[in-house]
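What follows is the residue order along each chain.
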Amino acid sequence: HLAADAYCLLEVFEALLNSPEKFGLKPDFQKLPKGKPKPQPKMDRSPQKTPASPKQKLETRTDETRSNPSNKPLSPREFSVICDNMLQGLGRYLRCLGVDVLMLDNDDDHRRAAEIAREDGRVILTCGLPYQTLRSQIGEGRCFSVDCSEKARQQAIKVLKHFNVRVSLSDVFSRC
């Protein structure tokens, strides 16, 4: 399992390398900075309206907001989520990219995700019917509907792009 996850992350990294500008990255994003990295300040995460694709509008209805209102890039260390039990592959992907991920167990009720999201300031990643209920419980921009028909790699790319999370080489496997 872990070897497959690691292999898949290579595909994500390759996609980032091939089209860094598509994900809002500089062409040389993979180069490590010289010297000590400077700590990044915490960002205000109140909601703001942002455009969505027609398909995403259909999937997420009115959830066209981001939890990153300044639209400044977030590092994976500044982004924390809780994943629906149907999105464990996505959760593993994001964790390997440095995101703080909690995952619901198979027997957890979706209300538990809302409780954790409110307590910890996490974004809920879900799919299907629970989306509307969860979104109403935690507010705009704090719940994201993921397309379950996609592979975890593509789901991860969409989540990172939507929340403007920028992954650097030093983030990869930093939580594994």
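The coordinates are above.
Residues numbered from 1 in each chain as written. Predicted model: local features only at pLDDT ≥ 70, side-chain atom pairs only at ≥ 80, totals over all residues. Heavy atoms only, no water.

Novice: Can you walk me through empty space enclosed by the protein in this structure?
Specialist: Taking a probe equal in size to a water molecule and rolling it over the atoms shows the remaining empty space. Under the definition given, this model contains one cavity of 30 Å³ or more. When its volume is computed, the largest cavity comes out at roughly 80 Å³. As for the largest cavity, its lining consists of Val12, Leu16, Phe23, Leu25, Ile157, Leu160, Lys161, Val165, Arg166 and Val167. No other element matches the three residues that helix α6 (residues 152-162) contributes to the lining of the largest cavity. Looking at the lining of the largest cavity, its residues break down into eight nonpolar, no polar and two charged. (1 Å grid on protein atoms, 1.4 Å probe; cavity = no way out; pocket = protein on both sides within 12 Å on 5 of 7 lines; lining within 4 Å. Points joined across faces, edges and corners; volume = space filled by probe spheres on them. Helix = DSSP H or I, 4+ residues; strand = E, 2+ residues; numbered from the N terminus. Nonpolar A, V, L, I, M, F, W, Y, C, P; charged D, E, K, R; others polar.)

Novice: What should I look at first to understand the sheet that holds strand β3 (residues 80-83) in this one?
Specialist: Strands in a sheet are paired, the pairing made by backbone hydrogen bonds, and the direction either parallel or antiparallel. Here we have four strands laid out as an open sheet, ordered β4-β3-β5-β6, and parallel in their pairing. This sheet does not close on itself; its edge strands, each paired only once, are β4 (100-103) and β6 (143-145). Going from strand to strand, the sheet's axes swing by 25° on average, the running direction of each strand aside. Both β3 and β4 contribute to a ladder of four bridges, which runs parallel. Following the sheet pairing, cysteine 83 is matched in β4 by methionine 103. Across the face of the sheet, helix α3 (residues 88-96) comes into contact with β3, β4 and β5 (123-126) while running at roughly 160° to β4. (Pairing = 2+ DSSP bridges. Axes fitted to C-alpha atoms, helices over the stretch in contact; angles between N-to-C directions. Contact = heavy atoms within 4.5 Å.)

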